[in-house]
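Working through the structure, step by step
Each chain, letter by letter, is given below.
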Amino acid sequence: MTFLEKLRCLLTFGQGVALPLPEISENQDPFELFNLWFTEANKAGILLPEAMSVSSCGSDGQPSSRMVLLKEFDQQGFVFYTNYASKKSRQFSENNKVALLLHWNVLQRQVRIEGTVEKVSREQSANYFHSRDRGSQIGAWASKQSHKLKHDNELKERVAHFNKLYPQGEVPHPEFWGGWRVKPHYIEFWQGRASRLHDRICFEKSSDNNDKDHWQQFKLNP
Ligand SMILES: Cc1cc2nc3c(=O)[nH]c(=O)nc-3n(C[C@H](O)[C@H](O)[C@H](O)COP(=O)(O)O)c2cc1C
């Protein structure tokens, strides 16, 4: 974080930042705006700016939220990686509607995303899996994510087991581990302002007769 950026944080925190949201103009691309905000969050020295909450709700109607790390995003959606047998993944298979939330406190910004989830390709998951450090790869094999531990040492024992099974060389990509892509139909950019007169700029997706996506833009009262 540069001195100027620190100064900006100091001067603006609690007061609303000086930079205005872009005025609504035709054909504004929400992914470009997301990219701009994400880049600024990365520059602001925020710890884990890619951390986001993902909320899901299975067929029992009970919502559940947890943090994950945003690893990739483009016009197709927002991707994170996890265990496909975890609670969240089980809920996604019952109900593919999800919500994401990113909060960058020093910038007084949040982004709300609503959409549906789909699995990324096996190839994309494998590529990401193999880019991770070895410890995380073994950890993915060892953790029966969201399932009850039978006893305190179970996880340690499973880590030892998989370290022995794959002592060196490439750790294979487990079938049960991979990425989920959130395909948004609503994205809202929230910018904190003085006197709680915050800006909320929203994008809602609609399709035309040719199935071409359009993003309708509007602002909401704070
Ligand atoms: C900052 C942060 C980042 C996290 N990133 C991930 C992630 O990318 N993938 C993941 O499976 N769990 C991640 N976790 C752990 C999850 O929050 C959660 O405990 C785990 O995925 C099990 O959730 P579930 O039982 O609802 O499926 C992260 C936790 C924190 C605090």
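These notes cover the structure that comes with them.

The rules behind these values
- Residues numbered from 1 in each chain as written.
- Predicted model: local features only at pLDDT ≥ 70, side-chain atom pairs only at ≥ 80, totals over all residues.
- Heavy atoms only, no water.
- Helix = DSSP H or I, 4+ residues; strand = E, 2+ residues; numbered from the N terminus.
- Buried < 20%, exposed > 50% of the residue type's maximum accessible area, 1.4 Å probe, protein only.
- Contact = heavy atoms within 4.5 Å.
- Phe/Tyr/Trp six-rings, centres within 6.5 Å; stacked < 30°, edge-to-face > 60°.
- Lys NZ or Arg CZ within 6 Å of the ring centre and 35° of its normal.
- Near = heavy atom within 4 Å.
- Polar contact = N/O pair within 3.5 Å; in protein donor to acceptor, adjacent residues only side chain to side chain.
- Areas by Shrake-Rupley, 256 points an atom, 1.4 Å probe, with all protein chains shown as cover.
- Nonpolar A, V, L, I, M, F, W, Y, C, P; charged D, E, K, R; others polar.

**Some remarks on the side chain of Ser-125**
By the element assignment, Ser-125 lies in helix H4 (residues 122–131). The buried category is assigned to Ser-125, whose relative accessible area is 0%. With residues near it in sequence (within four places) discarded, Ser-125 still touches Tyr-81, Tyr-84, Val-120, His-173, Trp-177, Gly-178 and Gly-179.

**Points about the packing of aromatic side chains**
Applying the stated criterion across every chain yields a total of 22 aromatic pairs. Ring centres 5.4 Å apart and planes at 85° place the aromatic pair Phe-38 and Phe-73 in the edge-to-face group. A residue pair is termed long-range when its members are at least 10 positions apart, and Phe-38 in helix H2 (residues 30–43) and Phe-73 in strand S3 (residues 72–74) qualify at 35 residues. Given a relative accessible area of 13%, Phe-38 falls into the buried group. Taking the relative accessible area as the measure of exposure, Phe-73 reaches 23% and is therefore partly exposed. Aromatic side chains Tyr-81 and Trp-177 sit 5.6 Å apart centroid to centroid with 10° between the ring planes, which places their arrangement in the stacked category. Taken together, the residues span a long stretch of sequence, with Tyr-81 in strand S4 (residues 77–83) and Trp-177 in strand S7 (residues 177–191) at a distance of 96 residues. An identical accessibility class is assigned to Tyr-81 and Trp-177; each is buried. An aromatic cluster of three or more residues is present, and its members are Phe-31, Phe-34, Phe-38, Phe-73, Phe-78, Trp-104 and Trp-215. The ring of Trp-37 is capped by Arg-109, whose NZ or CZ atom sits 4.1 Å from the centre of that ring.

**Regarding the site of the ligand**
In the vicinity of the ligand, the contacting residues are Leu-48, Arg-66, Met-67, Val-68, Leu-69, Tyr-81, Thr-82, Ser-86, Lys-87, Lys-88, Gln-145 and Ser-146. One of the backbone N or O atoms of Lys-87 is found 3.3 Å from an oxygen atom in the ligand. Separating an oxygen atom of the ligand from a side-chain N or O atom of Gln-145 is a distance of 3.1 Å. In the complex, the protein chains occlude 63% of the 620 Å² of accessible area that the ligand would expose alone. Where the shell around the ligand is concerned, the elements lending two or more residues are strand S2 (63–69), S4 and helix H3 (87–94). The greatest single-element share of the shell around the ligand, amounting to 4 residues, is contributed by S2. Residues belonging to the shell around the ligand are distributed by class as follows: 5 nonpolar, 4 polar and 3 charged.

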